[in-house]
Amino acid sequence: MKRLQEKLKTKISALLGDAYDLAGVEWGFALPNERKFGDLSATLAFALAKKAKAKPFLLANDIAARLQGQLDEIEEIRVAGGGFINFFLRRDAFLQAQQRDRDQPLPPRGEKVIVEHTSINPNKSAHIGHLRNSCLGDVLARCCRFLGYEVEVQNYIDDTGIQVADVVWGLLHYWKMDLAAIKEVPDLAAMLWDLYAEVNRLFAGDEALAAQRREVHKKIEDKAAPEYEICLHVAQQVLLDHIRTMERVGIQYDLMARESDVIALDFFKAAAAELTGSGVMLPSADPEKKGCLVIHYEREKIEKIIVRSNDTITYVGKDIAYNLWKFDLLGRDFHYRPFHTYPDGHPVYMTSSAPAPAPPRAFGRGDRVYNVIDVRQSYLQNLIAQVLTQLGHPAAGANFVHFSYEMVALTPACVREMGLQLEAGEESKPYIEVSGRKGRAVKADDLIAMLNEKSLREVQARNSELGADEALKLARAIAVAALRYFMVKFNLNTVIAFDFREALNFEGDSGPYLQYAMVRLNSILRKAAAADLEAAANAGAMSVLPGPEKELYWEMLLHLSLLETQVEYALQNHEISSLAAYAYGLCQKFNHYYHLFPMLAEKDPVLRALRLGLLLLFRNKVAKLLVLLGIDIPERM
RNA sequence: GCACCCGUAGCUCAAAGGAUAGAGCAGCUGACUUCUAAUCAGCAGGCUGAAGGUUCGAGUCCUUCCGGGUGCGCCA
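Because the structure is a prediction, the values reported are computed rather than measured.

Focus on the overall build of chain A
So, step 1. A count of helical and extended segments in chain A gives 24 helices and 17 strands.
So, step 2. Its C-alpha atoms give chain A principal-axis dimensions of about 80 × 70 × 55 Å.
So, step 3. Counting all 637 residues of chain A, 54% fall into the buried class.
So, step 4. In chain A, the share of contacts with a sequence separation of at least 24, taken over all contacts with a separation of at least 6, comes to 73%.
So, step 5. Total accessible area on chain A stands at roughly 28,500 Å², and carbon and sulfur atoms take up 52% of it.
So, step 6. Each charge class in chain A was averaged separately, 75 positive and 82 negative side chains, and the resulting centres sit 3 Å apart.

Written out as structure tokens, the structure is:
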């Protein structure tokens with residue numbers, strides 16, 4: 001469909017070139033929401049009318065008359081709605097083209113995209129807020145791959161920050177554990193979840209304890225025993241826990257980039273030379289920030305401290321260096337070591353500061369960078385984009401994308417439901433932000449467990465003859481679909497006020513609905529094959545279909561043809577949710593069609609072949625779409 | 001104070017400046033002896049927070065106001 005639209009636009013521009021001055025006129029095609037307005041609608045007359053100060057309706061009529069009969073793909077052109085030029089496609093030709101081209105992959109783009117997502121502090125289990133991040137990032141990466149980009153997924157591990165020191169202090173001085181005892185803990189991340197919340201409560205009211213925490217942080221930075229070893233162990237174990245959690249929902253990484261390596265390899269020193277040399281980073285003129293090096297943030301006219309008066313580097317400073325590296329603009333590289341291998345054989349590498357054999361593929365060197373980070377970090381992300389441009393890298397500045405999304409929050413009712421305390425004044429709030437620090441969040445593993453449990457009950461109720469292992473496997477696939485769909489179905493700037501009932505929904509606008517449609521469709525195609533009713537990829541001419549069915553058939557065909565366009569739209573407009581909506585709409589259309597027209601029982605072989613041919617095309621397109629959403633299609637449901 | 005986001009059906013959300021603002025959930029009717037009812041068909045539910053403006057056309061863009069949220073630290 002995308003190629004067809006481009007082709008038509010070129011032809012139309014050529015045909016009208018003599019009569020109209022199209023230079024600078026912005027116009028395009030849209031799919032009218034009702035088929036009576038045609039298959040493609042052009043707003044050309046409106047755009048032209050604005051420029052020529054003429055009546056859109058008259059212009060549209062003239063244009064339509066000039067184009068009539070000139071375009072091979074078009075059956076008819078009509079003018080409606082005061083100036084819309086509506087095109088009706090030649091349906092049989094379109095059907096044949098769709099069936100012919102359905103397995104053509106998109107050509108490689110020759111560009112590398114780096115997607116950073118997840119990036120959870122390695123000091124506690126992941127929660128639902130992190131799941132939104134990872135699901136969005138994962139679908140984003142899959143879309144880029146689908147569109148022909150080389151994709152590298154990075155997960156940034158802040159293993160040196162104060163939050164890790166928090167739990168190290170807690171383990172060592174509050175729970176009085178030593179390294180050996182800590183290594184014995186089976187589910188460290190979940191245990192630290194509670195510890196992290198508890199120590200933060202303690203620190204809040206006690207300056208002496210807070211000082212102890214800073215002391216622990218300093219010992220970690222100085223690599224002092226046993227703090228440093230405990231820190232390393234904690235960060236590694238928690239990271240493995242995160243990897244396990246995300247793997248459960250089908251999310252994988254290529255590279256774990258550690259902040260400790262950014263520091264150890266002096267990345268900032270290289271960045272600082274550039275920043276100072278170009279005058280982007282300056283000593284602060286503010287007496288309160290005496291001795292600090294700052295960058296002026298133009299958008300809000302404030303200064304951001306990059307180097308503190310004690311010469312230590314702030315988080316932004318490290319992040320600037322790291323992002324320069326992503327674009328290969330730093331002149332330095334990490335070392336790399338294999339870290340983990342997924343069951344499917346996919347390896348994950350970890351950065352390292354110690355020299356190591358070169359990995360089989362080069363990391364970094366991105367042409368475009370997506371940082372999937374919630375909207376609350378916009379200020380810092382915008383600052384980084386500004387700095388890239390100021391350092392003389394406008395291309396990098398333009399290709400540095402903060403893939404920003406709103407937070408996941410809990411409703412006060414949800415907080416109470418979990419047996420947690422509400423603070424003063426929170427009862428009347430619409431929602432309360434999730435916080436690992438306060439221990440106020442739904443743990444990712446807990447939510448997945450609830451989904452698995454509910455899913456298993458549903459599976460057993462419907463498939464009593466299924467073995468326990470099979471049922472469990474099926475239940476998990478359904479749970480993952482429900483979770484992933486829920487996490488991406490909202491617009492990015494919609495705050496998700498988390499609700500157990502909605503997250504656990506398997507009906508209607510949900511992941512399992514999509515799976516169910518595909519399972520049903522596959523079942524029909526399986527039975528068709530068994531009954532020697534060959535489903536032909538080239539099923540004939542749809543013009544032989546009777547009226548109402550023809551319209552439904554066409555509706556599905558037309559929308560199926562939009563897959564590539566939809567993925568490009570989702571990427572360009574940062575609306576992953578539009579893909580979920582697209583998938584849902586397609587499956588709704590299929591279910592509707594299914595209930596009206598029999599496939600296997602149809603006696604007329606011509607009709608049957610047409611219907612089965614549509615199912616083949618549907619399976620082809622929607623299977624690709626569900627891969628993008630990370631939703632598996634089970635054998636049965 | 002400065003910057004950003006949101007306000008649409010009872011609830012949760014869609015709507016790519018376009019044609020009659022759509023879904024799901026909840027409610028009510030109906031459809032399994034027929035390709036899987038995790039489905040489908042139907043009913044009901046709306047002055048898109050308010051007022052101005054721009055436009056052939058505004059839920060969408062601009063201005064102001066009202067109501068909510070977030071960010072702005074020598075934390076990360």
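Thoughts on the domain arrangement of chain A
So, step 1. Partitioning chain A into structural domains gives domain 1 (2-89), domain 2 (116-403), domain 3 (411-499) and domain 4 (511-629).
So, step 2. Look at where the C-alpha atoms of domain 2 and domain 3 centre, and you get two points 27 Å apart.
So, step 3. In this complex, domain 2 contributes 26 residues to the contact, which on the side of domain 3 involves 25 residues.
So, step 4. Surface buried jointly by domain 2 and domain 3 totals about 2,300 Å² across both partners, of which 63% is contributed by carbon and sulfur atoms.
So, step 5. It is Ile-128, Arg-132 and Trp-193 in domain 2 that bury the most area against domain 3; as a group they hold 31% of the surface buried on that side.
So, step 6. Measuring nitrogen to oxygen at the nearest pair gives 2.7 Å for the salt bridge that ties Asp-445 to Arg-248.

Overview of the protein's contact with RNA strand B
So, step 1. Residues in close proximity to RNA strand B total 71 residues, the closest being Asp-158, Arg-308, Tyr-513, Tyr-516 and Val-519.
So, step 2. When the atoms of RNA strand B within 4 Å of the protein are grouped by moiety, sugar and phosphate amount to 64% of the total.
So, step 3. A distance of 2.7 Å separates a sugar or linking oxygen of RNA strand B from a polar atom in the side chain of Tyr-569.
So, step 4. At 3.1 Å from a base oxygen of RNA strand B is found a main-chain nitrogen or oxygen belonging to Met-637.
So, step 5. Broken down by element, the surface near RNA strand B gets its largest block of residues, seven residues, from helix α20 (residues 511-530).
So, step 6. Split by residue class, the surface near RNA strand B holds 32 nonpolar, 17 polar and 22 charged.

Here's the deal with the state of the cysteines
So, step 1. On inspection of all chains with the given rule, the structure shows zero disulfides.
So, step 2. No disulfide involves Cys-414; its sulfur sits 17 Å from that of Cys-135, the nearest cysteine.
So, step 3. Judged by its relative accessible area of 3%, Cys-414 falls in the buried class.
So, step 4. Here Cys-587 stays free of any disulfide, with the sulfur of Cys-143 as its closest cysteine sulfur at 16 Å.

Side note on helix α8 (residues 188-204)
So, step 1. Compared with the 24 Å implied by 1.5 Å per residue over 17 residues, the 24 Å span of α8 between its first and last C-alpha is a close match.
So, step 2. Where α8 is concerned, the buried positions are Leu-188, Ala-189, Ala-190, Leu-192, Trp-193, Leu-195, Tyr-196, Ala-197, Val-199, Asn-200 and Phe-203.
So, step 3. Next to the buried residues of α8 lie α6 (162-174), α7 (179-184), α9 (207-221) and α10 (227-248).

Details of the pairing of strand β11 (residues 335-341)
So, step 1. By the bridge criterion, six bridges tie β11 to strand β12 (residues 347-352) in an arrangement that is antiparallel. When the sheet's bridge partners are listed, Thr-341 is paired in β12 with Pro-347.
So, step 2. Hairpin remark: β11 followed by β12, antiparallel, with five residues in the connecting loop; positive phi at Gly-345, about 95°.

A closer look at the packing of helix α5 (residues 128-146) against helix α24 (residues 605-629)
So, step 1. Between α5 and α24, whose axes approach to 7 Å, the crossing angle comes to 135°. Taken together, the axes of α5 and α24 lie oblique to each other. Contact with α5, carried on its side by Val-139, Arg-142, Cys-143 and Phe-146, involves Lys-624, Val-627, Leu-628 and Leu-629 of α24 and no other residues of that element.
So, step 2. Looking at the contact of α5 with α24 residue by residue, the class counts come to six nonpolar, no polar and two charged.

Regarding the side chain of Glu-116
So, step 1. By secondary structure assignment, the location of Glu-116 is in strand β5 (residues 112-116).
So, step 2. The exposure class of Glu-116 is buried, given its relative accessible area of 5%.
So, step 3. Of note is the side chain of Glu-116, whose polar atom sits 2.8 Å from the side chain of Ser-119.
So, step 4. Leaving out residues up to four positions away in the same chain, Glu-116 has contacts with Gln-154, Tyr-156, Tyr-322, Lys-326, Tyr-370, Asn-371 and Val-372.

Here's the deal with the environment of Glu-417
So, step 1. Locating Glu-417 in the fold gives a position in helix α16 (residues 412-417).
So, step 2. Along the primary structure Glu-417 and Phe-500 are separated by 83 residues, whereas in three dimensions their C-alpha atoms are 9.6 Å apart.

Comments concerning the sheet that holds strand β15 (residues 408-410)
So, step 1. Here three strands make up an open sheet; going across it, the order is β16-β15-β17 and the pairing mixed. Two strands in the sheet have a free side with no partner beyond their single neighbour: β16 (432-433) and β17 (496-498).
So, step 2. Set on the sheet, α5 makes contact with β15 and β17; between it and β15 the angle comes to about 155°.

Thoughts on the nonpolar core
So, step 1. One finds Phe-87, Phe-498, Leu-514 and Phe-618 to be the most contacted residues of the largest nonpolar core, which totals 148 residues.
So, step 2. Among all residues touching Phe-498, those that are not within four sequence positions of it are Ile-128, Val-408, Ala-409, Leu-410, Thr-411, Cys-414, Val-442, Leu-447, Phe-486 and Ala-503.
So, step 3. Listed in part, the 40 residues of the second largest apolar core include Ile-114, Phe-268, Val-280 and Leu-388.

What to know about unusual backbone geometry
So, step 1. Residue Pro-226 follows Ala-225 across a cis peptide bond; omega there is -5°.
So, step 2. Here Pro-226 shows up in the loop between α9 and α10.
So, step 3. Phi angles above zero are rare outside glycine, and Thr-118 is one such case at about 75°.
So, step 4. Tracing the chain through its elements places Thr-118 in the loop between β5 and α5.
So, step 5. The backbone of Ser-119 shows a phi angle near 40°, a positive value even though the residue is not glycine.
So, step 6. Looking at the element boundaries, Ser-119 is found in the loop between β5 and α5.

Quick notes on the packing of helix α1 (residues 2-16) against helix α3 (residues 56-67)
So, step 1. One can describe the packing of α1 onto α3 by two numbers: an axis separation of 10 Å at closest approach and a directional angle of 100°. The angle between the axes of α1 and α3 places the two elements in the roughly perpendicular class. Counting all contacts with α1, which are made through Ile-12, Leu-15 and Leu-16, the residues of α3 involved are Ile-63, Arg-66 and Leu-67.

Observations regarding the sheet that holds strand β1 (residues 29-30)
So, step 1. Read across the open sheet, the four strands follow the order β1-β2-β4-β3; overall the sheet is antiparallel. For this open sheet the edge positions go to β1 and β3 (74-80), each flanked by a neighbour on one side alone.
So, step 2. Bridge analysis of strand β2 (residues 40-42) against strand β4 (residues 84-89) gives three bridges, and the strand direction is antiparallel. Within the sheet, the bridge partner assigned to Ser-41 lies in β4 and is Asn-86.

Definitions and limits used
- Residues numbered from 1 in each chain as written.
- Chains lettered and ligands numbered in written order.
- Predicted model: local features only at pLDDT ≥ 70, side-chain atom pairs only at ≥ 80, totals over all residues.
- Heavy atoms only, no water.
- Helix = DSSP H or I, 4+ residues; strand = E, 2+ residues; numbered from the N terminus.
- Buried < 20%, exposed > 50% of the residue type's maximum accessible area, 1.4 Å probe, protein only.
- Contact = heavy atoms within 4.5 Å.
- Areas by Shrake-Rupley, 256 points an atom, 1.4 Å probe, with all protein chains shown as cover.
- Lys, Arg positive; Asp, Glu negative; His and termini not counted.
- Charge placed at Lys NZ, Arg CZ, Asp CG, Glu CD.
- Domains from an automatic or database assignment.
- Buried area = accessible area lost by both parts, 1.4 Å probe.
- Salt bridge = Lys/Arg side-chain N within 4 Å of Asp/Glu carboxyl O.
- Near = heavy atom within 4 Å.
- Polar contact = N/O pair within 3.5 Å; in protein donor to acceptor, adjacent residues only side chain to side chain.
- Nonpolar A, V, L, I, M, F, W, Y, C, P; charged D, E, K, R; others polar.
- Disulfide = S-S within 2.5 Å.
- Expected span 1.5 Å × (residues − 1).
- Pairing = 2+ DSSP bridges.
- Axes fitted to C-alpha atoms, helices over the stretch in contact; angles between N-to-C directions.
- Parallel < 35°, antiparallel > 145°, perpendicular 65-115°, else oblique.
- Core = buried A, V, L, I, M, F, W, Y, C linked by side-chain atoms within 4.5 Å.

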